[in-house]
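Structural features, examined
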Amino acid sequence: MIIKVLGPGCARCQNLEKVVREVVRSLKLDVRVEDVRDMKQIMQYSILATPALVIDEKVVMSGKVPTKKEVEQLITGAIADDKQE
Amino acid sequence: MIGKTEAGSCGCGTPAPAAPDYTGKSKSQKRLILLLGVGLALWVAIYLLIGPLADYITYSLIQLPAGSQLASSIAFFLYEAPKVILLLILIVFGVGIIRSYFTPEKTRQLLSGKREYVGNIMAGGLGIVTPFCSCSAVPLFIGFVETGVPLGVTFTFLIAAPMINEVAVVLLLGTFGWQIALLYIVTGLFIAITAGWIIGRLKLERHIESWVYEIKIADSTSPAEHLSFAGRINYGLNAVREIVGKVWPYVLAGIAVGAVIHGYVPEGLMASFMGKNVWWAVPAAVLLGIPMYSNAAGIVPIMQALMEKGAALGTTLAFMMAVIGLSLPETIILRKVLKWPLIGVFIGVVAIGIILIGYLFNAVL
């Protein structure tokens, strides 16, 4: 599983990065977290607001800094979807 | 966990909503409304108490002599600071709830394919209610222009969104009263709508960086959020936490500076260079304001104190609009998608609009 944090480096984007890394660490997940800062790459995902969170190439959230709990739900939700497929 | 697998199996690719709780929904909703009511009552009680309390602390507790400069500064601060913070909490919460209905995706949908005039007017209104932060200016710009929102309409949105924000309105409301707050909203909208319309008329599409057009935008892939009532309350509370949490030091600093001016600067001092009869004051204030970057929070309390000492309303409003409507950081961010001529036109048109508004108010009021 690859998690990408999209954001050009603004304060809120760095916040999201921090939250995601903390969640991944606390859940002891084997996932790769990448920061995408290049605007052209960010726009590949057709988002309208940064920061955004992409799990396995799917945009799951954009335009806000979610709480740890929300990020946890998004990640475990994606894992559950994975297993079903 | 059960809720999640259910959502996964029937959601057809839409992400699981954040823990929907359908059981006992009406009961928890009633409790929420009750809590909101209690909160509001508490808010009103505190709001009514701060005036007498500020006087009590200044004149009875610390026993400063009435009429002294220090006493007038301290009473000003003790009253203004909690008042403005309280107003901020209430209005940011209310606006947060309104905003939970307007995602950028929905706004884009409403605006795409709209012609000028109607499109400009709608974009101005939506600019106020759609959540926006200047670091999102680039994805928003590309997303709008690529899906057929006209350039001028996009600019109306990009001008209105930062200039007319809830923090500015709250502070104007708290310090100058509702008339000035309303005046600010109306003139800000007017500038955003006409400036966007003019930019659209000038046919400047060739001054957009070419890579913008090379991007293939898929149809809105961002998840559509369906929020419950509790979810919207939560959204509002988050907005309070995020915005008030960020802005309160500026508010306190601004009010502290305002309090010093209030107590110590002689009456009429500002009239000599920010007064009505100084013809160059408005353009000078705007030129000074463009490179400055501050949120409304720090600037309004200072403006109030300046006006008290004789600065003219038009000049003061023009300065404020230039500071929060046009900012260097946002311009630098927009440079990624706009070539210099278009940036120049953007700043020029908005600056001229603000200057005209400044002169108008100085002449009329």
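Rules used throughout
- Residues numbered from 1 in each chain as written.
- Chains lettered and ligands numbered in written order.
- Predicted model: local features only at pLDDT ≥ 70, side-chain atom pairs only at ≥ 80, totals over all residues.
- Helix = DSSP H or I, 4+ residues; strand = E, 2+ residues; numbered from the N terminus.
- Rg over C-alpha atoms; globule rule 2.2 N^0.38 Å.
- Buried ≥ 20, exposed ≤ 12 C-beta atoms within 10 Å, placed from the backbone.
- pLDDT = per-residue confidence, 0-100.
- Pairing = 2+ DSSP bridges.
- Axes fitted to C-alpha atoms, helices over the stretch in contact; angles between N-to-C directions.
- Parallel < 35°, antiparallel > 145°, perpendicular 65-115°, else oblique.
- Left-handed = near helix turned anticlockwise from the far one by under 90°.
- Contact = placed C-beta atoms within 7 Å.
- Nonpolar A, V, L, I, M, F, W, Y, C, P; charged D, E, K, R; others polar.
- Core = buried A, V, L, I, M, F, W, Y, C linked by C-beta atoms within 7 Å.
- Expected span 1.5 Å × (residues − 1).
- Bend = angle between axes of the 7 residues up to and from the residue.

1. Quick word on the overall build of chain A
Each helix and strand counted, chain A has three helices and four strands in total. Counted from the first residue to the last, chain A has its helices and strands arranged as β-α-β-α-β-β-α. Computed over the C-alpha atoms, the radius of gyration of chain A is 12 Å, within 12% of the 12 Å expected from 2.2 N^0.38 for a compact globule of 85 residues. Counting every position in chain A, which comprises 85 residues, the buried fraction comes to 45%.

2. Observations concerning the overall build of chain B
The number of helices and strands found in chain B is 17 helices and zero strands. Every one of the 365 residues in chain B was classed for burial, and the buried ones make up 41%.

3. Points about the confidence of the model for chain B
Reading fine detail from the predicted coordinates is not recommended where pLDDT is low. When the pLDDT values of chain B are averaged, the result is 81; 90% of them are 70 or greater. Interface scoring of the predicted complex returns ipTM 0.80; its pTM is 0.79.

4. As for the pairing of strand β4 (residues 58-62) of chain A
Residues and elements named next belong to chain A. With four of five residues buried, β4 lies mostly within the body of the structure. Both strand β3 (residues 52-55) and β4 contribute to a ladder of four bridges, which runs antiparallel. Opposite Leu53, over in β4, you have Met61 as the bridge partner. Linking two consecutive strands that pair antiparallel, namely β3 and β4, is a turn of two residues; a positive phi of about 45° is found at Asp56 within it.

5. Brief notes about the packing of helix α7 (residues 151-163) of chain B against helix α15 (residues 313-325) of chain B
Residue and element names in this part refer to chain B. Put simply, α7 and α15 touch, their axes get as near as 8 Å, and they point 110° apart. Classed by the angle they form, the pair α7 and α15 counts as roughly perpendicular. α7 and α15 meet at a crossing whose hand is right-handed. On α15, the residues touching Ile159, Pro162 and Met163 of α7 are Met321, Ile324 and Gly325. Of the residues in the contact of α7 with α15, the class split is five nonpolar, one polar and no charged.

6. Concerning the packing of α7(B) against helix α9 (residues 178-201) of chain B
Residue and element names in this part refer to chain B. Between α7 and α9, whose axes approach to 7 Å, the crossing angle comes to 155°. What the angle tells us is that α7 and α9 run roughly antiparallel. Read as a crossing pair, α7 and α9 show a hand that is right-handed. Contacts between α7 and α9 involve Leu151, Gly152, Val153, Phe155, Thr156, Ile159, Ala160 and Met163 from the former and Gly188, Leu189, Ile191, Ala192, Ile193, Ala195, Gly196, Trp197, Ile199, Gly200 and Arg201 from the latter.

7. Structural notes on the pairing of strand β1 (residues 2-6) of chain A
Residues and elements named next belong to chain A. Judged by how many residues are buried, β1 sits mostly within the fold: four of five residues are covered. For β1 and strand β2 (residues 32-36), the ladder comprises five bridges, and the chain directions are parallel. Residue pairing across strands places Ile3 opposite Val33, the latter belonging to β2.

8. Section: the sheet that holds β1(A)
Residue and element names in this part refer to chain A. Here four strands make up an open sheet; going across it, the order is β2-β1-β3-β4 and the pairing mixed. Only two strands of the sheet have a single neighbouring strand rather than two, namely β2 and β4. Neighbour-to-neighbour, the strand axes of the sheet open up by a mean angle of 20°, direction not taken into account. Contacts from helix α1 (residues 11-27) reach β1, β2 and β3 within the one sheet, and its direction differs from that of β1 by about 160°.

9. Observations regarding the environment of A:Pro51
Note on placement: A:Pro51 falls in the loop between α2 (39-43) and β3. Look past the residues within four positions of A:Pro51 in its chain and what remains in contact with it is A:Val5, A:Leu6, A:Gly7, A:Arg12, A:Cys13, A:Leu16 and A:Val65.

10. Quick word on the nonpolar core
Generally speaking, nonpolar side chains in soluble globular proteins are found buried as a group. A:Leu53, B:Ala160, B:Ala318, B:Ala322 and B:Ile354 are the most contacted members of the largest nonpolar core, which has 120 residues in total. In terms of residues, this core owes the most to one element, helix α3 (residues 69-99) of chain B, which gives 11 residues. For B:Ala160, the residues in contact, after removing those within four places along its chain, are B:Ala123, B:Gly124, B:Gly127, B:Ile128, B:Gly188, B:Leu189 and B:Ala192.

11. Describing the environment of B:Asn165
Considering the arrangement of structural elements, one finds B:Asn165 in the loop between α7 and α8 (166-176). Along the backbone, B:Asn165 and B:Leu189 are 24 residues apart, and their C-alpha atoms lie at a distance of 11 Å.

12. What to know about unusual backbone geometry
The omega torsion across A:Thr50 and A:Pro51 is -5°, close enough to zero to call that bond cis. Notably, B:Lys203 is not glycine yet its phi reads approximately 50°, a positive angle. Mapping B:Lys203 onto the fold places it in the loop between α9 and α10 (211-214).

13. Focus on helix α11 (residues 229-264) of chain B
Between its terminal C-alpha atoms α11(B) stretches 49 Å, which fits the 52 Å expected from 36 residues at 1.5 Å a residue. Along its length, α11(B) reaches its greatest deviation from straightness, about 40°, at B:Trp248, and the proline B:Pro249 lies no more than four positions downstream.

14. Considerations on helix α14 (residues 296-308) of chain B
Residue and element names in this part refer to chain B. Compared with an ideal rise of 1.5 Å per residue, which puts 13 residues at 18 Å, α14 spans 18 Å between its outermost C-alpha atoms and is within 8% of the ideal. Buried residues dominate α14, accounting for 11 of its 13 residues. Taken together, the buried positions of α14 are occupied by Ala296, Ala297, Gly298, Ile299, Val300, Pro301, Ile302, Met303, Gln304, Ala305 and Leu306. Of the surrounding secondary structure, the elements contacted by the buried residues of α14 are α3, α8, α11, α12 (271-274) and α15. Immediately beyond the C-terminal end of α14, within one or two residues, lies Gly310, with a positive phi of roughly 110°.

15. Points about the environment of B:Phe176
Relative to the helices and strands, B:Phe176 is located in helix α8. Look at B:Phe176 and you get partly exposed, because 19 C-beta atoms sit within 10 Å.

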